[in-house]
Each structure stands twice: as structure tokens, then as C-alpha cells.
Amino acid sequence: MVDLLDTLAVLSAHMGLEPDMDECGVPTASQAESQCSTGRGELDHGMVFRPAGGPCKALLKTLLTSACERDCFYCPFRAGRDFRRATLKPEEMADSFLTMHRAGTVDGIFLSSGVAGGGVRTQDRLNDTAEIIRNRRKFGGYLHLKIMPGAEKDQILQAMLLADRVSINLEAPNDTRLGMLAPHKTFLDELLRPLKLAEEIRKTRLPYDAWRRKWPSLTTQFVVGGAGETDLELLSTTQFLFRELHLARVYYSAFNPVKDTPLEDRPPENPLRQQRLYQASFLLRDYGFDVEELPLSGNGTLPLDQDPKQAWASQYLRESPVEVNRAEQSQLLRVPGIGPKTVARLVTARGNHRITALEELRGLGVNLHRAGPYLLLDGQQISYQPTLW
Ligand code: SF4
């Protein structure tokens with residue numbers, strides 16, 4: 001078992017590149033309202049994650065094999081790169097993970113793989129591992145399964161019956177940009193098609209046989225800044241993924257060059273761009289914004305010096321602030337410093353009485369420092385002085 005755990009340590013190296021759920025440190029929708037950190041909490045063996053609303057937990061993020069026959073330009077595991085590779089069989093992976101779980105080291109697993117013997121064969125091995133963990137060893141915790149490029153519909157279904165989350169990384173917002181990052185992956189057929197199949201399964205079948213009797217959530221990830229793509233391209237595809245395929249999250253990973261890869265001389269992407277993309281993606285998903293409304297420059301980039309909701313409000317709300325007691329929910333949601341939960345509380349409160357006091361607004365969750373310039377309270381502009389001490 002010691003040898004297996006050593007192998008597992010090799011397989012988990014570099015997996016910090018892959019995000020999962022609402023990790024502690026990656027911005028959530030409510031944090032999109034503030035200047036949150038995007039640094040991810042990392043453990044020796046993986047990362048921490050946070051099930052919806054719950055405390056942070058430890059997640060083993062690992063590959064089944066770090067051998068890969070593909071040659072994506074940005075990837076440390078690409079074929080031909082010289083480093084120590086490792087592979088575990090499905091049974092070995094399942095037992096290694098469950099040994100760690102029983103020791104209290106990890107609470108869940110995010111299982112991915114390099115592509116070895118084609119996407120279909122690799123998916124079979126991932127599904128076999130998940131089946132052992134879930135059905136034979138009766139693991140009842142969190143399981144996230146990666147879907148391989150080109151996986152078939154029955155394989156995607158099998159993964160969805162076992163996992164809490166499945167993901168397929170699109171890597172780039174369209175076929176042209178993908179060609180600059182991963183010349184041997186095909187955007188529509190190998191990557192977007194499996195995402196569509198997963199959504200089709202969720203829409204057309206009842207989840208009676210699924211783990212916890214509900215279908216897993218669906219996510220993807222983009223590499224940001226590796227192919228010269230614009231924020232407009234990334235966010236247009238993000239909007240499609242939210243609206244048409246109902247993804248739970250879209251993750252953005254700022255490009256960082258890896259030694260001995262074709263992109264090793266490309267400069268790393270500014271992490272602030274990644275943060276602005278997260279904030280903009282939440283505006284699309286939770287705040288009723290359309291990509292055309294986002295404060296994108298003529299060349300399709302978000303401003304880096306302020307968050308996109310603030311930039312939009314400075315342009316459109318400063319001259320026509322929103323009346324707290326009369327505004328539609330959708331108008332309130334567009335005010336910086338007011339998130340979906342705060343809107344719900346505001347609407348409930350004003351259904352009972354007129355809101356007249358700043359203290360009440362603050363008590364309902366309004367960030368007066370951010371929202372004040374864009375609100376009217378009974379026709380009066382809010383002049384809010386932040387407390388200094
Ligand atoms: S297929 Fe995946 S593991 Fe293989 S080189 Fe591409 S990104 Fe890396």
C-alpha cells in the first residue's frame with residue numbers, strides 16, 4: 001500500500017490546475033460582489049472543496065494515469081515530455097483513495113486521466129474505478145468524474161449514474177482557439193458533443209438509478225490567455241453553456257507556461273483577468289445580464305481596474321439610481337453591493353412596510369458603501385459615510 005500511495009502522490013502532482021465545485025478561495029456568486037481572492041486552497045495531495053453551503057473539505061484530485069497520447073501545447077502531461085509518469089489500475093486507485101479516506105486525510109475524490117489507448121478506453125477505466133469506489137466499496141461521499149474527449153453516450157450515462165459531478169474541459173471558447181492550444185482535439189465533436197449528450201441525458205431521463213436519485217452537476221474549464229482569445233469569446237461561449245446546457249459552473253484557469261512545452265515562452269496570464277471573468281460569468285448566470293451588456297471594450301476585453309458590475313453601474317445607474325421601495329427585483333439585482341439573497345430579503349421586507357432607514361438596508365445585507373451611489377430611498381439619494389472605526 002505504501003508503494004501505491006507513492007504512485008498516487010506522483011499522479012496527484014500538477015492537479016492544482018483543475019478546479020472543482022465552489023472551492024474555498026475560488027469566487028462564488030456572492031463573492032463576485034466583492035474583491036475576492038482567486039487563490040485556491042491546496043493540499044499536498046489535491047485541493048480543498050466546499051459542497052454547496054457547507055464547510056471546506058479535502059479533495060483528492062488525481063489522474064488514473066499521467067501517461068497521455070495527446071500533445072496539448074500547454075499541458076505538463078503532454079506526450080513526449082520528459083518527466084516521471086505513473087499509472088494505477090482501477091482497483092489500485094479505488095483502494096488507495098479509500099485508504100486515505102479511512103485515515104481521515106480526504107473526504108472526496110476528483111478523478112481524471114491522461115488519454116491512453118483512446119478516449120473511449122480511458123473512459124472505461126475511469127468508470128470502472130468509479131464503479132468500484134461507489135458500488136463495490138460503498139463509498140458515500142463526493143465523487144467527481146472527468147469525461148474524456150470523444151467518450152460515447154452510454155459511457156457518459158454510466159459516469160452520470162455514479163458521480164456527484166461530471167466535467168468536460170472545453171479548454172478554449174471555439175474551434176479556432178482550441179487549435180492554438182490542442183491541435184489534436186476537435187472542439188465540436190470530441191468536447192462539446194459529450195457536454196451536449198450529458199445535458200440530453202439529464203433532460204430526457206428520470207434519475208431513478210442515479211446516485212442520490214439526482215443527476216450530477218455539469219462543469220467545464222477554459223484555459224485563459226493561452227490562445228489569444230478575448231473575454232468576449234470566452235463569455236459568449238459561457239453564456240451558451242449556462243443557457244443551453246445548464247452548466248453549474250464555468251471555470252477559468254489563467255495560463256501559466258510549463259517548461260518543455262511549445263508554450264513555455266508565452267508569458268503567464270494576469271490572475272486579475274481570471275477574477276474578472278469569474279465575476280462576469282456570475283453576472284450572466286445569476287444577475288440577469290446578457291453578454292452584450294457587459295462592459296467590454298471595443299476589442300472584447302473586460303476592464304481590469306474594477307469589477308464588471310461596478311463598471312456597468314457607473315455607466316448606466318449613476319444618472320438614474322434605483323428606488324429601493326419601488327424597483328423591480330431585476331433592477332435591484334443590477335446594483336453593486338446587492339446580491340440575489342439580499343434582493344429576496346429586500347422584497348420581503350418592503351412587502352410588509354416602507355423601508356426608510358439606512359440601518360435597515362444594512363441589516364438586510366446591502367453593502368451601502370458600494371450600493372449607495374446607485375440607490376434612492378424614498379426619493380432621496382443615499383449619502384452614506386462609511387464607519388472608519
Ligand atoms: S489530453 Fe489532457 S492530459 Fe493529455 S495532453 Fe491534453 S490536456 Fe494534457
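The shown structure was predicted, so the numbers you read here are calculated from the model rather than taken from an experiment.

**So, the nonpolar core**
Counting 88 residues, the largest nonpolar core has Ala-130, Leu-145, Ile-147, Ala-159, Ala-163, Val-166 and Leu-181 as its most contacted members. Setting aside residues up to four positions removed in sequence, Ala-163 forms contacts with Ala-130, Leu-143, His-144, Leu-145, Trp-211 and Pro-216.

**A short note on the site of the ligand**
Near the ligand, the surroundings consist of Cys-68, Arg-70, Cys-72, Cys-75, Phe-77, Arg-78, Gly-114, Val-115 and Ala-182. Looking at side-chain class alone, the shell around the ligand contains 6 nonpolar, 1 polar and 2 charged residues.

**Remarks on the environment of Arg-165**
Secondary-structure assignment places Arg-165 in strand 6 (residues 165–167). Spatially, the C-alpha atoms of Arg-165 and Trp-215 are 8.3 Å apart, while their sequence positions differ by 50 residues.

**Section: the pairing of strand 4 (residues 108–112)**
Most of strand 4 is tucked away: 5 of the 5 residues are buried. Side chains Gly-108, Phe-110 and Ser-112 project from strand 4 onto one buried face, and the interleaved Ile-109 and Leu-111 project onto a second face that is buried too. Where strand 3 (residues 57–63) and strand 4 come together, 5 bridges link them in parallel fashion. Along strand 4, the bridge assignment pairs Leu-60 with Ile-109. Once you follow strand 3 into helix 2 (residues 90–102) and on to strand 4, the crossover reads as right-handed. With 4 bridges joining them, strand 4 and strand 5 (residues 142–146) adopt parallel strand pairing. Along strand 5, the bridge assignment pairs Leu-111 with Leu-145. Each parallel crossover has a hand, and the one from strand 4 via helix 3 (residues 119–136) to strand 5 is right-handed.

**Examining unusual backbone geometry**
Phi is positive for Arg-212, close to 60 degrees, though the residue is something other than glycine. Residue placement: Arg-212 occurs in the loop between helix 6 (187–204) and strand 7 (217–224). What makes Arg-212 exposed here is the crowd of 9 C-beta atoms within 10 Å. A positive phi angle, close to 65 degrees, is found at Asp-260, a residue other than glycine. Within the element layout of this structure, Asp-260 appears in the loop between strand 8 (249–254) and helix 8 (271–286). You can call Asp-260 exposed: it has 11 C-beta atoms within 10 Å.

Criteria and cut-off values
Residues numbered from 1 in each chain as written. Predicted model: local features only at pLDDT ≥ 70, side-chain atom pairs only at ≥ 80, totals over all residues. Core = buried A, V, L, I, M, F, W, Y, C linked by C-beta atoms within 7 Å. Buried ≥ 20, exposed ≤ 12 C-beta atoms within 10 Å, placed from the backbone. Contact = placed C-beta atoms within 7 Å. Near = placed C-beta within 6 Å. Nonpolar A, V, L, I, M, F, W, Y, C, P; charged D, E, K, R; others polar. Helix = DSSP H or I, 4+ residues; strand = E, 2+ residues; numbered from the N terminus. Pairing = 2+ DSSP bridges. Right-handed = clockwise from strand over helix to strand, strands pointing away.

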